Amino acid sequence: MSILILAEHDNKTIKSATLNTIGAASQIGGDIHVLVAGANCDAVAQEAAQIAGVTKVIKADAASLEHPIAENIAPILVDLASNYSHILAPATTFGKNILPRAAALLDTQQISDIIAVESADTFKRPVYAGNAIATVKSSDAIKLITVRGTTFDAAATSGGSASIEDYNAPEATNLTTFVKAELSVSERPELTAAKIVVSGGRGVGSEENFAIIEKLADKLGAAIGASRAAVDAGYVPNDYQVGQTGKIVAPDLYIAIGISGAIQHLAGMKGSKTIVAINKDADAPIFAIADYGLVADLFDAVPELTEKL
Amino acid sequence: MKILVPIKRVVDFNVKIHVKSNGSGVDLANVKMSINPFDEIAVEEAIRLKESGKASEVIIVTIGPEKAQEQIRSAMAMGADRGILVKTDAPIDLAGVEPLAVAKTLKALIEKEKPDLVIMGKQSIDDDFSQTGQMLAALLGWAQGTFASKLDINDGKIHVTREIDGGLETLELSSPAIITTDLRLNEPRYAKLPDIMKAKKKQLDIIEPPDLGVDYTPRLEIISVNEPPVRKGGIKVDSVDALIDKLRNEAKVI
């Protein structure tokens, strides 16, 4: 068996979800190759070659691959597919956008968002917003799979010494062109990889009030998250959203502040090791899953917590 | 411009679902069914394009049981012009009509209807695959704009702003194209009573999958469906000091 991993990166460094995807691949077993498709992405290919367990890096370096346009990357996967038993990508917006396009071209029914590997053809995945777990077995010759990063250990970033092979990407389609990106710039850790996440909900009340969440997060070296309600209300940008339709996180410590605990939010964070809830409503559903609940006005409790830590 | 909006009949998002005790799936008997929320956003977006004069016709299509006509009628009450039901008795949530089969069905319909744009939800809230739009775009060789939070169509140019993990990304798509909707694209309207009455008279055609030459045999076998592990609640602490003590000395996370 050979497994191809579609690496997510920004032409400079590999995104951490790729490492968890490689972790899932090592549970399936077999040779692990990594496809780095980008522009001037040699540093990424070098980085990928060092990852423990990777035996080959395929580098597709072309100007047309500067941005991860599905229409241009899917054909590369299709071209390489016959060498592999599995093709894996992280279940991030990157992987979710590209992999189904390749799957359809290969006439394969993709398995999305796996949380466990049972065998080389059988996997567990959440359905109904995580309210049920389905165990599914694929009968396709090549398995295309997206991997939920939080449930697999990351592969070590050193210890490997893979060869790097150049791949000549086919000419880009003119179907889609990149216009612009507005990316959040932050000194804080990445939400899905952070050890501690501090999240605010509707109870925080405004964009300005989110400053108290930020202060606590900075004290703890934590990433900042938010409930859908807080994002919809415009307190924070969309990429802060934790939940079934946002990001799935599983840090060592998750602090939910002014978050009631709607089912779709819980689906995004209930894998966290320790959950703290601070909410003035003692009946909020978040308390039913929190390890430590504090019924208090967040505007008193959070500054006090920040100060005393 | 003609817009096709594929929708799906799913368990209403407010329903607390129950896993069948024999592990075969989720109990759908006597639960409220609705249009998949992301698809409702797609319907709304298509109708707004029609209201702004950019679209001429909005066609709803769904694959599902006879009763899925209810969801088509709901979309027509919001303002869509006509509907097509691809009738099947195969399950549509798990171990039934899979995204690849849906994409093939839609491709066959699109070859007949020749829409200029397809707008659909980014995923359904039952099987949570998030594949169909991308697969359909692949099969048609069309451009795809997934997870859209903003859609601008001017002079035949399609600009789509996408919600991605790091923030937002804007792409220009050639036409025809597939758009999949994210939560913040719009807020769907509620249908008014006179529109609900009017929708009953709108054209709704029923066809069978064999008419389109698509095979619904699943590729994925469901071995079992189980409840997720239950997370037990812990304790309440009465002060910030007590909380810090627990985090330091019991959970040892700070």
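Here goes a summary of the coordinates provided. (Residues numbered from 1 in each chain as written. Chains lettered and ligands numbered in written order. Predicted model: local features only at pLDDT ≥ 70, side-chain atom pairs only at ≥ 80, totals over all residues. Heavy atoms only, no water.)

A look at the overall build of chain B
Okay, so step 1: Within chain B one finds 7 helices and 13 strands.
Okay, so step 2: The principal-axis extents of the C-alpha atoms in chain B amount to approximately 65 × 45 × 40 Å.
Okay, so step 3: Burial statistics for chain B: of 254 residues in total, 56% are counted as buried.
Okay, so step 4: Carbon together with sulfur atoms contributes 50% to the accessible area of chain B, which is approximately 11,000 Å² in total.
Okay, so step 5: Counting 35 positive and 39 negative side-chain charges, chain B places the averaged centre of each group 2 Å from the other. (Helix = DSSP H or I, 4+ residues; strand = E, 2+ residues; numbered from the N terminus. Buried < 20%, exposed > 50% of the residue type's maximum accessible area, 1.4 Å probe, protein only. Areas by Shrake-Rupley, 256 points an atom, 1.4 Å probe, with all protein chains shown as cover. Lys, Arg positive; Asp, Glu negative; His and termini not counted. Charge placed at Lys NZ, Arg CZ, Asp CG, Glu CD.)

A look at helix H2 (residues 42-50) of chain A
Residue and element names in this part refer to chain A.
Okay, so step 1: When H2 is considered as a whole, its buried residues turn out to be Val44, Ala45, Ala48 and Ala49. Along the axis of H2, the buried residues cluster in a sector spanning 140°; they form a single face.
Okay, so step 2: Of the surrounding elements, those touching the buried residues of H2 are strand E2 (31-38), strand E3 (54-61) and strand E10 (163-167). (Arc of directions from axis to C-beta. Contact = heavy atoms within 4.5 Å.)

What about the sheet that holds E2(A)?
Residue and element names in this part refer to chain A.
Okay, so step 1: Overall, parallel pairing links the 7 strands, which are arranged E5-E9-E4-E1-E2-E3-E10 in an open sheet. Of all the strands in the sheet, just strand E5 (111-114) and E10 have a single pairing partner and so form its edges. Each strand axis lies, on average, 25° off the axis of its neighbour in the sheet, ignoring direction.
Okay, so step 2: Bridge count between E3 and E10: 5 bridges; the pairing is parallel. (Pairing = 2+ DSSP bridges. Axes fitted to C-alpha atoms, helices over the stretch in contact; angles between N-to-C directions.)

Digging into the pairing of E2(A)
Residue and element names in this part refer to chain A.
Okay, so step 1: Within E2, 7 of the 8 residues are buried, which leaves the element mostly enclosed by the surrounding structure.
Okay, so step 2: Looking at chain direction, strand E1 (residues 2-6) and E2 are connected through 5 bridges and run parallel. Along E2, the bridge assignment pairs leucine 4 with histidine 33.
Okay, so step 3: A crossover connection joins E1 to the parallel E2 through helix H1 (residues 16-28); in handedness this β-α-β unit is right-handed. (Right-handed = clockwise from strand over helix to strand, strands pointing away.)

Here's the deal with the interface of chain B and chain A
Okay, so step 1: If you look at the interface, chain B gives 79 residues, while chain A gives 83 residues.
Okay, so step 2: Taking both sides of the interface into account, the surface hidden between chain B and chain A amounts to around 6,600 Å²; carbon and sulfur atoms contribute 55%.
Okay, so step 3: The largest contributions to the chain B side of the interface with chain A come from Asp165(B), Arg219(B) and Arg231(B), which together make up 12% of the buried area.
Okay, so step 4: Taken together, the links from chain B to chain A amount to 6 salt bridges.
Okay, so step 5: In this structure, Lys308(A) engages Asp241(B) in a salt bridge whose closest nitrogen and oxygen atoms are separated by 3.0 Å.
Okay, so step 6: In this structure, the connection of chain B to chain A is made through 50 residue pairs in polar contact (both at pLDDT 80 or more).
Okay, so step 7: Among the secondary structure elements, those contributing two or more residues to the side of chain B that touches chain A are helix H3 (99-113), helix H4 (132-140), strand E7 (143-154), strand E8 (157-164), strand E9 (167-173), strand E12 (220-226), strand E13 (235-237) and helix H7 (240-250) of chain B.
Okay, so step 8: Among the elements that make up the side of chain B that touches chain A, the one with the highest residue count is H7(B) (8 residues).
Okay, so step 9: In terms of residue class, the side of chain B that touches chain A is made up of 37 nonpolar, 17 polar and 25 charged.
Okay, so step 10: Where strand E8 (residues 132-138) of chain A meets E12(B), 6 bridges bridge the pair, whose relative direction is antiparallel. Among the inter-strand pairings, Lys137(A) is bridged to a residue of E12(B), identified as Glu221(B). (Buried area = accessible area lost by both parts, 1.4 Å probe. Salt bridge = Lys/Arg side-chain N within 4 Å of Asp/Glu carboxyl O. Polar contact = N/O pair within 3.5 Å; in protein donor to acceptor, adjacent residues only side chain to side chain. Nonpolar A, V, L, I, M, F, W, Y, C, P; charged D, E, K, R; others polar.)

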